[in-house]
Each structure stands twice: as C-alpha cells, then as structure tokens.
Amino acid sequence: MSGTWASDRSRRLREAWRVYDATVWDRWLAAVFTGLAFVPALSAMGVEFGNLSGRPADAFQIVLILAQTVPLAVRTRWPAACLAINGTAFVIHETLGYPMQFGTVTVYIALYSVGAHQERFRRVTAVVASAAYVVLSAAVILRGSPVLQSDFVVFYLLFAVCWLVGAFVRGQRLQEAERRRLATEAAAAAERARIARELHDVVTHHVTAMVVQADATQFVATSPERVVTALSTIGGAGRRALAELRYLLDVLEATGESATPVVGSVRDLVEQTRSGGQPVELVEDGDQPALPVGVGLAVYRVVQEGLTNAVKYAGGRPTTVRIGYRDDRVEVEVTNAAVAVPVGARSDLSGGRGLAGLRERIGALGGELVAGEQPDGGFRVFASIPVGGAG
C-alpha cells in the first residue's frame, strides 16, 4: 500500500512539474537562490575556494552574488551564458577574498546545467571552463592562498563531477527521446501495415465478387431474372466495398483510431457469396461466445480470404466453412474441392499478400494459420485463434 501511495505521489509531482515550462521553474530557482544568498545563517554553506580573506563585505560583493544567482533564470535556455556569467562572478568573488556567501554554491548548478542542456560547442565549452579554472587557481595562489595544490585537483574533480552528472542526465534524456521516436515509427509502420491488410481484404473480396458476377452475366443475358440478381449482387458488393473504404479513409485522414472497420457477420458473408453463385456450406460447432473485437475481425477475415480464393480459383465448386468455438480459442476452416488453379498461380494462392497478412494478424493474436493444397486437389485454410488474444 505504501509503495502504491509513493508511486502515485511521485507521478502527481511529475505531472505538476510538467504543467509549467522549464524556463518558469528556472526563474523560480533563481529567485529562491537569490533570497537564500542573503540569509546569514546559510553563509557557512557557501563555496570557499583558496581560503583567501581580508576583504570586507561591500556593495560590489552584492553585485557579484547577484551575478551568480540571477543567471540561473536562463540556465536551461542558455546554459553556456549562465555558466560564463556565473563563473566569472565566482572567480572575481573568490580572488578578491570576500566572506563566504551561500550564493556561491550556484556554480555547481551552472556546471550541471551546461552538462545537461548545452547542445552545441560542448567540447569548446569544457576547454574554456577548464582554462578558467586554471586562471582562478593561479590567481589565488599568487595572492598567497594557503591551500595545497592537491586541494585544487580535488576541487577540479568536484566541478567535473557536476558537469558529468549533467552530461549523464542529458544522455538518458536523448536515449528516451530516441526510444519514443522509434516507438512512434514502429507504431506508425504497424498501423500502415494494418491498413494495408484491411485494404487488401476489402478490395480483393468485393472486387473479385463483382468481377465474377460481371463475367457471369454475359452467359445469362437471355434470363432477365438472373441478370437482375447478378446486378444486385454486384451493386451490393460495390456498396459494401465503398463503405469499408470510406471508413479506412476517415482513419487515414484525421481520427487516429485503429484501422478496424465495422464488418458484417460471417453468416452475412456466406450469404453474399452464395448469392454470387458459389455453393457454400456453413458449419458452426459450439455456442458462439462474446469475442473480442480483434478476434472477431480475424475470424471474419479468414473466412473472407478463403471464400475469395474459392470464388477466384474454384468458381461453382462446393466450399465449406467450419467454425468451432472452444473454451479458449476459435478454430476456423475454409475448404473447397478440386481447385482449378492455372500453372503458376498456386504460389499466389498459398503465399500471396492476403494469406501473408492473415498470418501476421493471427500471429499478433497468439494464434496460427495453416494454408495449403489437399491430397484431392482442393485447398484448405485453417486458423486457430485464442479467444483472449485481443481486446
């Protein structure tokens, strides 16, 4: 319970922090450190470099302290400028031997800020900062500093650690940004692939039905009733194709929704195929449960692909659709006998975009798809899909 409370509190703090731009927080940081710099009780916590003393506090020291704290207001936007002003004021303050002031600790923040936020000329900035440190060390030594030379090395390492911590944070931030970019690209690629599969399923199935019916109409021209039936089937297939394509176009234009068009039931799909002249038998085994959207769409697409191939390559031949509802999965099978596939076309039937797309779709749900020729020359498409494979 305490861990959950701490996690929620941390999340709320992060959200509250992100409400304001970084520059706003920098201004508050500068204001806070400016106020603390003039609190006498905090003076002992300041940075004392070189242990020089003898110059009393005066108005110029106030100017130097402000020159160290106020630049924090731009530490994120212009980190190098912040360090340049802050560092120069720190060097003068320590070289002149002013009394300790809490405001001098801001040199650590300025160094961290350059490491974390400086984008250009990072190496040049590091070299200049190191040179400035050498100048500061030489100045305090010439003024008679009692500090050992080894202490100057320790101070340099302390300053370098502040810089390196900022550089580490910057590296983590860049890696996170790169991970988000790659995740966004992967999501976009997955959405494009999903839309491509949906377009293939829509166009292939409905256009195939329309072409087959249009070709068959010329042979029944002397029978007005059959012509009317064929034309009605063509019109219905065209309207369904337009409806699904319109949905996909809406998704592409602006909605940002998942490309999952609203489709009819498997029974409707079988009836549509029958009305086109293809003898189809539907066999359902078990009681149909409430299927997740992804699973229901996958079942529909398997049947759609199987019937489309049957119409294309086994027109007029018996086709069977079997759907078995098990406890934890749905099994879908579409078979037809003696597929009349021309030489060179079987590779398209068994490995074309439609079946490849189905394998990807069903694989993503944790299922499997098997498709291939039967010993009697027919063709079989079988899919086993876990019921809990999609929400």
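Each value, and the rule that gives it
Residue indices begin from 1 for each chain and proceed along its sequence in written order. Side-chain atom pairs in this predicted model are given and counted only at pLDDT of 80 or more, local residue features only at pLDDT of at least 70, and totals for whole chains, interfaces and linings cover all residues. Here the side-chain values reflect all heavy atoms present in the structure, with hydrogen atoms and water set aside. Only C-alpha atoms enter the line fits that serve as axes; for helices the fit covers just the stretch in contact. Angles between N-to-C directions range over 0 to 180 degrees. Only runs of H or I of at least four residues qualify as helices and only runs of E of at least two qualify as strands under DSSP, and these elements are numbered from the N terminus. Comment on the angle field: the value is read as roughly parallel under 35 degrees, roughly antiparallel over 145, roughly perpendicular from 65 to 115, and oblique elsewhere. Should any heavy atoms of two residues lie within 4.5 Å, those residues are counted as being in contact. In this classification, Asp, Glu, Lys and Arg are treated as charged, Ala, Val, Leu, Ile, Met, Phe, Trp, Tyr, Cys and Pro as nonpolar, and every other residue, Gly included, as polar. We define the nonpolar core as a collection of buried residues of types Ala, Val, Leu, Ile, Met, Phe, Trp, Tyr and Cys that are connected through side-chain atoms lying within 4.5 Å of one another. A simple rule labels every residue: compare its accessible area, found with a 1.4 Å probe on the protein chains alone, to the largest value its type can have, and call it buried under 20%, exposed over 50%, or partly exposed in between. Pairing of aromatic rings covers Phe, Tyr and the six-membered ring of Trp, with a centre-to-centre limit of 6.5 Å; geometry is then stacked below 30 degrees between planes, edge-to-face above 60, and tilted otherwise. Strand pairing requires that DSSP identify at least two bridges connecting the strands.

At a minimum axis separation of 10 Å, helix α4 (residues 79-96) and helix α6 (residues 122-142) run at an interaxial angle of 10 degrees. The angle between α4 and α6 falls in the class roughly parallel. Residue-level inspection shows Leu83, Phe90, Val91, Glu94 and Thr95 of α4 in contact with α6, the latter providing Ala129, Leu136, Ala139 and Val140. Each residue belonging to the contact of α4 with α6 can be placed in one class, and the counts come to 7 nonpolar, 1 polar and 1 charged.

It is worth spelling out the nonpolar core at this point. With 29 residues, the main nonpolar core has Val299, Val303, Val321, Ile323, Val330 and Ile385 as its most contacted residues. Elements represented by at least two residues in this core include exactly α9 (266-275), β1 (280-285), α10 (293-313), β2 (319-325), β3 (329-336), α12 (353-364), β4 (368-373) and β5 (379-386). Broken down by element, the residue count for this core peaks at 7 residues, all from α10. Among residues more than four places away in sequence, those in contact with Val321 are Val280, Glu281, Leu282, Val283, Val303, Leu307, Glu333 and Val334. By size, the runner-up hydrophobic cluster in this structure holds 24 residues, among which are Leu72, Cys82, Phe102 and Ile109.

Right, let's talk about the packing of aromatic side chains for a bit. Tallying each qualifying case throughout the model produces 9 aromatic pairs. On the numbers, 5.6 Å between centres and 75 degrees between planes, the contact of Phe49 with Tyr133 is edge-to-face. Of the two residues, Phe49 sits in the loop between α2 (22-36) and α3 (59-69) while Tyr133 sits in helix α6, which places them 84 residues apart along the sequence. Side by side, Phe49 and Tyr133 carry an identical accessibility label, which is buried. With a centroid separation of 5.8 Å and 85 degrees between ring planes, the pair formed by Tyr133 and Phe159 is classed as edge-to-face. Linking Tyr133 in helix α6 with Phe159 in helix α7 (residues 149-217), this pair joins segments that are 26 residues apart in sequence. Tyr133 sits in the buried class, given a relative accessible area of 9%. Its relative accessible area of 9% is what places Phe159 among the buried residues. Each residue in the set Phe49, Phe90, Tyr108, Tyr133, Phe152, Phe155, Tyr156 and Phe159 is aromatic and connected to the rest through ring pairs, giving one cluster.

Note on placement: Glu284 falls in strand β1. Judged by its relative accessible area of 31%, Glu284 is partly exposed. Once the C-alpha coordinates of Glu284 and Gly324 are considered, the two residues, 40 residues apart in sequence, prove to be 5.9 Å apart. Every residue in contact with Glu284, bar those within four places of it in the chain, is listed here: Arg267, Ile323 and Tyr325.

One non-glycine residue, Phe121, lies in the positive phi region at around 55 degrees. Inspection of the secondary structure assignment puts Phe121 in the loop between α5 (106-117) and α6. On the basis of relative accessible area, Phe121 is assigned to the exposed category, the value being 54%.

Turning next to the sheet that holds β1. With mixed pairing, the 5 strands of this open sheet are ordered in space as β1-β2-β3-β5-β4. The open sheet has two edge strands with one neighbour each: β1 and β4. Here the strands of the sheet are splayed against their neighbours by 10 degrees on average, with no regard to which way each runs. By the bridge criterion, 6 bridges tie β4 to β5 in an arrangement that is antiparallel. Bridge pairing in β5 links Val370 to Phe382. This element, α9, spans β1 and β2 of the sheet and lies at about 165 degrees to β1. Strands in contact with α10 are β1, β2, β3 and β5; relative to β3, the strand with the most contacts, it is inclined by about 5 degrees.

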